[in-house]
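Chain residues, written in single-letter form:
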Amino acid sequence: MTALQEAVARYWGYTTFRPLQREAMDAVLVGRDSLVGLPTGGGKSLCFQAPAVVRPGLALVVSPLISLMKDQVDTLVGNGVPAGLYNSSLAADEKAAVSAGLRQGRYRLLYVSPERLVGEGSDGFLELLSSCQISFVAVDEAHCISQWGHDFRPEYRQLGRLRQRLPGVSLHAFTATATSRIRRDIAVELALNDPLEFVGSFDRPNLLYRVLPRSTLKRQLLDVLDRHRRESGIIYCTSRREVDALAEWLTGLGMAALPYHAGLSDAERSRNQDAFLSERVDVIVATVAFGMGIDRSNVRFVVHVGAPRSLEHYQQESGRAGRDGLEAECVLISSAADFMKWRLMLERGGELSDASQGLLRQMERYATGVGCRHRHLAEYFGDEYPTEKTGKRAGCTACDFCLDELEQVVAPVVLARKILSCVARVENRFGATHVASILRGHASRQVVSRGHEKLSTFGLLPHASLTEVRGYIEQLIGLGLLQQAGDEYPVLALTATGLELLKDETRCPDMTLARQRPPRKTAKRAQSRAEAESWQDVDRTLFDRLRTVRLEIAQSRGVAPYVVFHDTTLREMARLRPTSLEALLAVKGVGARKADDLGEAFLAAIRSHSSRRHCQVGEYGA
Ligand code: ADP
């Protein structure tokens, strides 16, 4: 075993590496500049933490957020790795203690904010560091340096000075961004010297993607929440008003949910975030202001009520689900109105460039598309997606399309032309609901008052529900056959391509349209492969019990629960049910230090659970 493997097993309790971890660690060990792009949950932290333990000297880690630093340092210390942090949150005496620790060479890793390292007045601190032997610098969340990124931070811009300030020290950048342009930007801004680049696959097989046309929103949300009782999730909304309304509604239903948006006071925001991170509440309803620093690794669902402005944003935000690698669900609930709203907002902000329109258009294609969602995302970010291996229709097993929740329309062109001709009959002057009413043959007051019940398109789709027809209309907008215009009362209009299809039915040979398959009442609900695997042989009652033990320990120590153990580790415990310290050490994620420190508490819970199970089997069993 190499020194590196030994350290990883001893401090982290892992015996294998994730893809590209090994390569990334080797670059750090030999001191060659590097840039690592791995998806959220890909295991970037270990890529610099493990080498820091093995290489002599002190590793510096630049991190953008105080809360992220604290969690990482808490976790390291819990694993028995001497680590500290230095940022503006420290009181004078804490700073003095860290300085003393640095002089004594007590730390293997020091987390610092960028301004401490290269900002104004950082000279004194750098002088102190120059007396330490700096082994390397890791820049975490490196995309914050790029203005193209979604999390641009001006403080990160100053990191360009690192090279001169710490000559001869290797730099290693880490990011979860899938965009190659941003990665190029990082290399340039940090003046990386002929860096080794390691870019992994950004597909997250543990995430199950679903896309729903917005209809009865509350029903749609309840369906998601039902699948995730006692689990944690984020509901993203595009307006503060909607955040407040939904948070209130959920609370009214007796769920522990809290709002988060920029309109709340700082104190309330940080209180709510803290409640979520410490697992006192499970659901947070938020605007995108709730973002980075969400290090809670066991987020089991992320719902977007309203589409974001790009697939980059969607990937980033939905990617907060399932960071621990366990199954999680990402649901996008959207309608054409979302995209109109974005166009309007971008226009007002003077930002409606070709680039931003293009990004929005790609988001719209995803929201209205019918196909494998994993493939769509992977290909968008320039990854190849393997074609189906199973011989069935598709292989991802983790999206609504591949789980067969969408039903494809048999004659899509015929259906499309019915809808287009109805839009033409009302002369591009009515909205989607009105058009849908006519098609369904619903003689509503509005329809009758315009005499539209006499149109030849009245009742062309008598068996379709309103949601279904609206869904088709959304898809036609997504396909560029219809467009929506107008602010307050958006009306549907044919595009040039739509008009062509209306005239000539051979125009769109490969079109697909789909509708949500009605839920099968009797069938077991669909499961992704990741979900089935991660629960295999797990005693769920024991898992819940272990979560409670974890929560109690976390609360008594003032750390976040995932700092104690990740869900993956608890599930493994509930699968293997170890009853001795030795057996516990074989559980992935249990290092020597943690076993010593916390082992007994968890073993006690497992033993008492097992004996109770035996009793029950004795009483009621065979
Ligand atoms: P990232 O920073 O890339 O989003 P993290 O560093 O937070 O990802 O790692 C995600 C999860 O994977 C953490 O729970 C971490 O402990 C776990 N992990 C990392 N490397 C390994 C490994 N080699 N084996 C098992 N689990 C790992």
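What you see is a predicted model; the values in this text were computed from it and never measured. (Residues numbered from 1 in each chain as written. Predicted model: local features only at pLDDT ≥ 70, side-chain atom pairs only at ≥ 80, totals over all residues. Heavy atoms only, no water.)

**Q** Explain the overall build of the protein to me, please; I cannot follow it from the model alone.
**A** Within the protein one finds 28 helices and 17 strands. The C-alpha radius of gyration computed for the protein amounts to 27 Å, which stays within 12% of the reference 25 Å derived for 622 residues, consistent with globular compactness. The C-alpha extent of the protein, read off along each of the three principal axes, is 90 × 75 × 50 Å. Sorting the 622 residues of the protein into buried and exposed places 53% on the buried side. Taking contacts inside the protein between residues at least 6 apart in sequence as the whole, the part at least 24 apart equals 72%. Summing over all exposed atoms, the protein offers an accessible surface of approximately 28,200 Å²; the carbon and sulfur share of this is 50%. Where the 80 positive side-chain charges of the protein centre and where its 74 negative ones centre are 3 Å apart. (Helix = DSSP H or I, 4+ residues; strand = E, 2+ residues; numbered from the N terminus. Rg over C-alpha atoms; globule rule 2.2 N^0.38 Å. Buried < 20%, exposed > 50% of the residue type's maximum accessible area, 1.4 Å probe, protein only. Contact = heavy atoms within 4.5 Å. Areas by Shrake-Rupley, 256 points an atom, 1.4 Å probe, with all protein chains shown as cover. Lys, Arg positive; Asp, Glu negative; His and termini not counted. Charge placed at Lys NZ, Arg CZ, Asp CG, Glu CD.)

**Q** How should the pairing of strand 13 (residues 328-334) be read in this particular structure?
**A** Note on strand geometry: in a regular strand, side chains alternate between the two faces of the sheet. Buried residues dominate strand 13, accounting for seven of its seven residues. Where burial is concerned, the two faces of strand 13 agree: the one with Ala328, Cys330, Leu332 and Ser334 and the one with Glu329, Val331 and Ile333 are both buried. Note that strand 8 (residues 207-213) and strand 13 share seven bridges and pair parallel. Counterpart to Leu207 in the pairing with strand 13 is Ala328. Relative to strand 13, strand 12 (residues 299-305) runs parallel, the two sharing five bridges. Bridged to Val302 within strand 13 is Cys330. After leaving strand 12, the chain enters helix 14 (residues 311-318) and then returns to the sheet as strand 13, a path that is right-handed. (Pairing = 2+ DSSP bridges. Right-handed = clockwise from strand over helix to strand, strands pointing away.)

**Q** Got a minute to help me understand helix 5 (residues 92-103) in this structure?
**A** Side chains three or four residues apart in an α-helix point the same way, a direct result of the helix having 3.6 residues per turn. Taking 1.5 Å per residue as the helical rise, helix 5 with its twelve residues ought to reach 16 Å, and the 17 Å between its terminal C-alpha atoms agrees with that figure. Taken as a whole, helix 5 has its buried residues at Val98, Ser99, Gly101 and Leu102. Down the axis, helix 5 shows its buried residues gathered within 160° of arc, on one side only. In helix 5, the exposed positions that point more than 90 degrees away from the buried face belong to Ala92, Asp93 and Arg103. For helix 5, the secondary structure elements touched by its buried residues are strand 2 (58-62), strand 3 (83-86), strand 4 (109-112) and helix 7 (123-130). Following helix 5 by one or two positions, Gly105 has its phi on the positive side, about 65°. (Expected span 1.5 Å × (residues − 1). Arc of directions from axis to C-beta.)

**Q** Just to check I follow, could you spell out the environment of Glu474 for this structure?
**A** Position of Glu474 among the secondary structure elements: in helix 21 (residues 466-478). Residue Glu474 is classed as buried on the basis of its relative accessible area, which comes to 11%. Here the alpha-carbon distance between Glu474 and Thr368, two residues 106 residues apart in the chain, equals 6.3 Å. When sequence neighbours within four positions are dropped, the list of residues in contact with Glu474 reads Ser335, Ala336 and Thr368.

**Q** Would you take a moment to explain the nonpolar core for this structure?
**A** A general trend in soluble globular proteins is that nonpolar side chains are found buried together. In terms of nonpolar packing, the biggest core is built from 71 residues, with Ile234, Phe276, Phe290, Tyr366, Leu546, Met573 and Phe602 touching the most fellow members. With residues up to four places along the chain from it excluded, the contact list for Phe290 reads Ile234, Tyr236, Tyr260, Gln273, Phe276, Ile284 and Arg320. One finds Leu35, Leu85, Phe125 and Leu190 within the second-largest nonpolar core, a separate group that totals 67 residues. (Core = buried A, V, L, I, M, F, W, Y, C linked by side-chain atoms within 4.5 Å.)

**Q** Even after reading the chapter, I still don't get the packing of aromatic side chains, so can you show me in this structure?
**A** By convention here, two paired aromatic rings are described through the distance between centres and the angle between planes. Taken as a whole, this structure holds nine aromatic pairs when the rule is applied. Between Tyr11 and Trp12, the ring centres sit 6.2 Å apart and the planes meet at 75°, which makes this aromatic pair edge-to-face. Of the residues examined, Tyr11 reaches a relative accessible area of 18% and is grouped as buried. Since its relative accessible area comes to 7%, Trp12 is described here as buried. For the ring pair Tyr380 and Phe381, a centre distance of 5.0 Å and an interplane angle of 80° mean the geometry is edge-to-face. The exposure class of Phe381 is buried, given its relative accessible area of 14%. Of note, Arg296 hangs over the ring of Phe276, and the distance from its end group to the ring centre comes to 4.9 Å. Above the face of the Tyr366 ring, Arg373 is positioned so that its terminal group lies 5.9 Å from the ring centre. (Phe/Tyr/Trp six-rings, centres within 6.5 Å; stacked < 30°, edge-to-face > 60°. Lys NZ or Arg CZ within 6 Å of the ring centre and 35° of its normal.)

**Q** Help me out: how do you make sense of the domain arrangement of the protein in this one?
**A** In many analyses, interface size is given as the accessible surface area lost on bringing the parts together. When the domains of the protein are assigned, the result is domain 1 (3-199), domain 2 (207-386 + 394-403), domain 3 (408-516) and domain 4 (535-621). Just the C-alpha atoms count here: the centres of domain 2 and domain 3 sit 28 Å apart. On the side of domain 3, 18 residues touch domain 2, which itself brings 15 residues to the contact. The largest contributions to the domain 2 side of the interface with domain 3 come from Met340, Thr368 and Val370, which together make up 41% of the buried area. In this assembly, domain 2 and domain 3 are joined by zero salt bridges. Counting across the interface, domain 2 meets domain 3 through two residue pairs in polar contact (both at pLDDT 80 or more). Examining the composition of the side of domain 2 that touches domain 3, we find that five residues originate from one element, helix 15 (residues 336-348), more than from any other. Classifying every residue of the side of domain 2 that touches domain 3 gives nine nonpolar, three polar and three charged. (Domains from an automatic or database assignment. Buried area = accessible area lost by both parts, 1.4 Å probe. Salt bridge = Lys/Arg side-chain N within 4 Å of Asp/Glu carboxyl O. Polar contact = N/O pair within 3.5 Å; in protein donor to acceptor, adjacent residues only side chain to side chain. Nonpolar A, V, L, I, M, F, W, Y, C, P; charged D, E, K, R; others polar.)

**Q** Can you walk me through the site of the ligand in this structure?
**A** Around the ligand there are 15 residues in total, and Tyr14, Thr16, Gly41, Lys44 and Ser45 lie nearest to it. At a separation of 3.1 Å, an oxygen atom of the ligand approaches a polar side-chain atom of Arg18. Residue Ser45 places a side-chain N or O atom 2.7 Å away from an oxygen atom belonging to the ligand. Here the ligand, which alone exposes 560 Å², has 87% of that area covered by the protein. (Near = heavy atom within 4 Å.)

**Q** In this structure, what is going on with helix 21? I would like to understand it.
**A** Across its 13 residues, helix 21 extends 18 Å between first and last C-alpha, which sits within 8% of the 18 Å expected from 1.5 Å per residue. Of all 13 residues in helix 21, ten are buried; the element is thus mostly enclosed. What helix 21 keeps buried is the set Glu468, Val469, Gly471, Tyr472, Ile473, Glu474, Gln475, Leu476, Ile477 and Gly478.

**Q** Sorry, what's going on with the pattern of salt bridges here?
**A** All told, the structure shown has 39 salt bridges when counted by the stated rule. For the salt bridge of Arg165 with Asp123, the shortest nitrogen-to-oxygen distance reads 3.5 Å. A residue pair is termed long-range when its members are at least 10 positions apart, and Arg165 in helix 9 (residues 162-165) and Asp123 in helix 7 qualify at 42 residues. Given the relative accessible area of 29%, Arg165 is considered partly exposed. For Glu364, the salt bridge identified is with Arg343, shortest N-O distance 3.1 Å. Linking Glu364 in helix 16 (residues 354-368) with Arg343 in helix 15, this pair joins segments that are 21 residues apart in sequence. Overall, Glu364 belongs to the buried group, its relative accessible area being 5%.

**Q** Could you clarify how one ought to interpret the sheet that holds strand 8 in this entry?
**A** Neighbouring strands of a sheet are bound in pairs by backbone hydrogen bonds; such pairs are parallel or else antiparallel. The strand order across the open sheet formed by six strands is 8-13-12-9-11-10, and the pairing between neighbours is parallel. Of all the strands in the sheet, the pair left with one neighbour each is strand 8 and strand 10 (257-260). The mean inter-strand angle of the sheet, taken between neighbouring strand axes irrespective of direction, is 15°. Those strands touched by helix 11 (residues 217-226) are strand 8, strand 9 (232-237), strand 11 (283-286), strand 12 and strand 13, and its axis lies near 170° from that of strand 12. (Axes fitted to C-alpha atoms, helices over the stretch in contact; angles between N-to-C directions.)

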